[in-house]
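Understanding the architecture of this molecule
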Amino acid sequence: MLNVKLKSTIGNTVKIFLSSQNTEDVANVLEIPTRQLLYLIYTLTDEERYSMFFLPKKRGGQREISAPRKGISILQKKLLTIIDSIWHPKPWVQGFTNSRSILTNARHHKKKSYVLNIDLKDFYGSINFGRVRGLFMSYPFKLGHKAATIIAQLVTFNNLLPQGASTSPIISNMIAFKLDNMLVKIARRYHLTYTRYADDITFSTTKSNFPKEIAEIEGTNPSTGNIKLGHILEKAIKESGFSVNYKKVRLQIPFVRQEVTGLTVNEFPNVERRFIRNVRAMVYAWRKHGLIEAEREYINKYASRKLEIPSGKLKGSYYKNVLYGKLAYIKMIRGEDDQIFIKYCLQLAELDSDPPKQIQKAKEMHEQYDVFLCHASEDKEDIAKPIFEDLSNAGIIVFLDDKYIKWGDSFVEKINHALGKAKYVIAILSSNSVTKAWPVKEINASIAREIVGKQKFLPLMVGDGKEIQSFQDEMPLISDKKYLIWKNDTSEIVDKIKSLMSSK
């Protein structure tokens, strides 16, 4: 049984890997017997090594996926860990790298006058066994010929870099290193911004004219004219071993919607309107027709032909996964405070009895509380909890940390949110709370919100007259406020809160 994770430390593994000269060395690095490595690569049939299927492309057509089966997949994942520790992408490489995404890629090109998009034709198919072997024989690896050969055999399929292998993205980025260097030099010469996300190349500028040496529009109508790439750009791409997909070349002019890796960038990276409309339609279908019927209709219209779920076995899970995936995409691009994201989260929270964590979190973070109970932990059992229970029984929404903060939640985040959303803050002022930092912070925050008319601060004193006076001396801002005295009875507090709420 092969292990996905390397047993040895990554530092030691990398050191051994960089000195590999033959098959035995590579097997040692991947922690597998040499005979088993050779069996997986050379003895298994293509069908035993890879699973082949097709996925629909966003703009039509199908993409062939070659997914490695278990043994090959495990070795590729081990190799990926090693390569990822050696190779560090340049800032213009935005695809398949840690902490970078279509969002960070798009940000480089926001608020530009012109945006040029170039798609590389058959990106992975342009990277064959020979190029991969040459990569591992050159800097920074400099492996021996036999070691580079066995690694190239491990990560290629039918002589090409397969879509579906975990190693293909990082290897394609390394192979494109020469291309990136040439295009960065061109960008600097003509004062352009350059990035590459996999096979998607983007140049942009804030200048009033786009350099004709790079690209120009043929014809008098910039919206319908063909884009002609400059010789210097075409030459660089060709010399790097790639070719241009001319059907996907676009020079986006000022004052029209400009798009980079699927995001509009005129003002800031944003999701396409039709994507938002699609989410809205899916939520509407769920609400109007029910989950199962919405799923059946969606599968009939949009799902891949390979997806065959008998009508009687539809459970809604496929539909949910698609919809929640789209919502996660909106969150990634627009942020978790975005009103569109929040709106659909709240709608789905009503439809789904067991929503994902992101939906539940959005719902909780936008719930309005009637009352926030500020207290010291020593006063929780005897004072705070009885107040919480009787207010709740009266239909009043009360925030008490024990009831709303779950294991793993951010204490500060939940407290700040609840304190900011509550209409009233009952501050339990006792010898315990007035000397503790956290309750005092909550009290001061609430008083500040009351000053600007956003909240009502309600002191509840615990103690005798002398103690109450000392509380007022400790906190001058509450000295002139009318207060209630805790009498081990919640009825007066419930009546007062109900009266305050009814007068609004």
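Summary of the structure given here. (Residues numbered from 1 in each chain as written. Predicted model: local features only at pLDDT ≥ 70, side-chain atom pairs only at ≥ 80, totals over all residues. Heavy atoms only, no water.)

1. Some details on a negative patch on the surface
Definition in use: Two joining distances apply to patches: 9 Å for like charges and 5 Å for nonpolar side chains (Val, Leu, Ile, Met, Phe, Trp, Tyr), and every residue must have over 30% relative accessible area and no salt bridge. Note on areas: Shrake-Rupley with a 1.4 Å probe; residue coverage comes only from the protein chains shown. Only one rule defines a salt bridge in this text: a Lys or Arg side-chain nitrogen within 4 Å of an Asp or Glu carboxyl oxygen. Neither His nor the chain termini are counted; the positive set is Lys and Arg, and the negative set is Asp and Glu. Charge coordinates come from a single atom per side chain, which is NZ of Lys, CZ of Arg, CG of Asp or CD of Glu. Put simply, DSSP H or I for four residues or longer makes a helix, DSSP E for two residues or longer makes a strand, and each gets a number counted from the N terminus.
Taken together, the side chains of Glu-389, Asp-390, Asp-489, Glu-492 and Asp-495 present a region of like negative charge at the surface. Elements with a minimum of two residues in the negative patch: α17 (380–393) and α22 (491–502). Topologically, Asp-495 is positioned in helix α22.

2. Re the environment of Lys-112
So the rule is basically this: Here the term buried applies to any residue with accessible area under 20% of the maximum for its type, exposed to any over 50%, and partly exposed to those in between, with areas from a 1.4 Å probe on protein chains only. The contact criterion used is simple: two residues touch if any of their non-hydrogen atoms lie within 4.5 Å. Any pair of N or O atoms that falls within 3.5 Å is considered a polar contact. Within protein, one atom must be able to donate a hydrogen and the other to accept it, and sequence-neighbouring residues count only if both atoms are side-chain atoms.
With respect to the element layout, Lys-112 can be found in the loop between α6 (102–107) and β3 (114–119). By relative accessible area, which is 16% here, Lys-112 ends up buried. Spatially, the C-alpha atoms of Lys-112 and Val-265 are 8.1 Å apart, while their sequence positions differ by 153 residues. If sequence neighbours within four positions are ignored, Lys-112 has contacts with Thr-193, Ser-204, Thr-205, Thr-206 and Gln-258. A polar contact of 2.9 Å, which involves the side chain of Lys-112, links it to the side chain of Thr-193. At 3.0 Å, the side chain of Lys-112 forms a polar contact with the side chain of Ser-204.

3. Here's the deal with the side chain of Asp-401
By secondary structure assignment, the location of Asp-401 is in helix α18 (residues 401–404). Residue Asp-401 is classed as buried on the basis of its relative accessible area of 15%. Leaving out residues up to four positions away in the same chain, Asp-401 has contacts with His-375, Lys-380, Phe-411 and Ile-415.

4. With respect to the environment of Thr-435
Among the structural elements, Thr-435 can be located in the loop between β14 (424–429) and α20 (437–451). Along the chain, Thr-435 and Ala-376 lie 59 residues apart, while their C-alpha atoms are 9.3 Å from each other. One polar contact links the side chain of Thr-435 to the main-chain carbonyl oxygen of Asn-432, over a distance of 3.2 Å.

5. Some thoughts on a nonpolar patch on the surface
A contiguous nonpolar patch, built from Phe-411, Val-412 and Trp-438 and spanning about 260 Å² of accessible area, is present on the exposed surface. Looking at where Val-412 falls in the secondary structure, it is placed in helix α19 (residues 411–421). The class for Val-412 is partly exposed, based on a relative accessible area of 44%.

6. Side note on the pattern of salt bridges
Two side chains that carry opposite charge are able to pair once their charged atoms sit near each other. What the rule picks out here adds up to 16 salt bridges. Note that Lys-78 is salt-bridged to Glu-31, the shortest N-O span being 3.9 Å. Residue Lys-78 is located in helix α5 (residues 70–86), and its partner Glu-31 is located in the loop between α2 (23–29) and α3 (34–43); the two are separated by 47 residues in the primary sequence. For Glu-31, a relative accessible area of 27% translates into the label partly exposed. Residues Glu-239 and Lys-235 are paired through a salt bridge, measuring 3.9 Å at the closest nitrogen-oxygen approach. Remark: Lys-235 and Glu-239 occur in helix α11 (residues 231–239); sequence separation between them is 4 residues, near one turn of the helix. Salt bridges here are not isolated pairs; linked through shared partners, they connect Lys-380, Glu-381, Lys-385, Asp-401 and Asp-402.

7. So, the pairing of strand β15 (residues 456–461)
Cut-off, in case you're wondering: If DSSP finds at least two bridges between two strands, the strands pair. Handedness of a crossover is defined as follows: with both strands directed away from the viewer, a clockwise route from the first strand across the helix to the second makes it right-handed.
Counting buried residues along β15, 5 of its 6 residues qualify, which places the element largely inside the surrounding structure. Sheet topology places β14 next to β15; 6 bridges connect them, and they run parallel. Paired with Leu-429 across the two strands is Met-461, which belongs to β15. Between the parallel pair β14 and β15, the chain is carried across by α20, and the sense of this crossover is right-handed. Taken together, the 2 bridges between β15 and strand β16 (residues 484–485) define a ladder with parallel strand orientation. Considered in β16, the bridge of Leu-460 is made with Leu-484.

8. Remarks on the packing of aromatic side chains
For clarity, the threshold we go by: Aromatic rings from Phe, Tyr and Trp, with only the six-membered ring used for Trp, were paired whenever their centres fell within 6.5 Å, and each pair was classed as stacked if the ring planes differed by under 30 degrees, edge-to-face if by over 60, and tilted otherwise. In this analysis the charged atom, NZ for Lys or CZ for Arg, is taken to sit over a ring once it is within 6 Å of the ring centre and within 35 degrees of the ring normal.
Tallied over the entire structure, the rule returns 14 aromatic pairs. Geometrically, the ring pair formed by Phe-96 and Tyr-197 is tilted, given 6.0 Å between the ring centres and 45° between the ring planes. Taken as a pair, Phe-96 in the loop between α5 and α6 and Tyr-197 in strand β4 (residues 193–197) lie far apart in primary sequence, 101 residues in all. Among the aromatic side chains, those forming a connected cluster through ring pairs are Phe-17, Phe-136 and Phe-141. Note that Arg-131 overlies the ring of Phe-242, its terminal NZ or CZ placed 4.8 Å from the centroid.

9. Brief notes about the sheet that holds strand β9 (residues 259–260)
Reading across from one edge, β9-β10-β11 is the order of the 3 strands in this open sheet, with antiparallel pairing throughout. Looking along the sheet, the strands with just one partner apiece sit at the ends: β9 and β11 (270–271). Pairing of strand β10 (residues 263–264) with β11, which is carried by 2 bridges, proceeds in the antiparallel orientation. From the neighbouring strand, Thr-264 faces β11, where its bridge partner is Asn-270.

10. Description of the nonpolar core
Most often, soluble globular proteins have nonpolar side chains that are buried together. Cut-off, in case you're wondering: Take the buried Ala, Val, Leu, Ile, Met, Phe, Trp, Tyr and Cys residues and link them wherever side-chain atoms come within 4.5 Å; each set so joined is a nonpolar core.
Among the nonpolar cores identified, the biggest contains 72 residues, and Phe-17, Leu-116, Phe-136, Ile-171, Phe-203 and Leu-233 are the most heavily contacted of them. In terms of residue count, helix α8 (residues 145–155) provides more of this core than any other element does, 7 residues in total. Discounting chain neighbours no more than four positions away, the residues touching Leu-116 are Ile-201, Thr-202, Phe-203, Phe-210, Ile-214, Ala-215, Ile-227, Leu-229, Leu-233, Val-249, Arg-250 and Leu-251. Ala-106, Val-115, Phe-275 and Ala-362 belong to the second largest nonpolar core, which has 33 residues in total.

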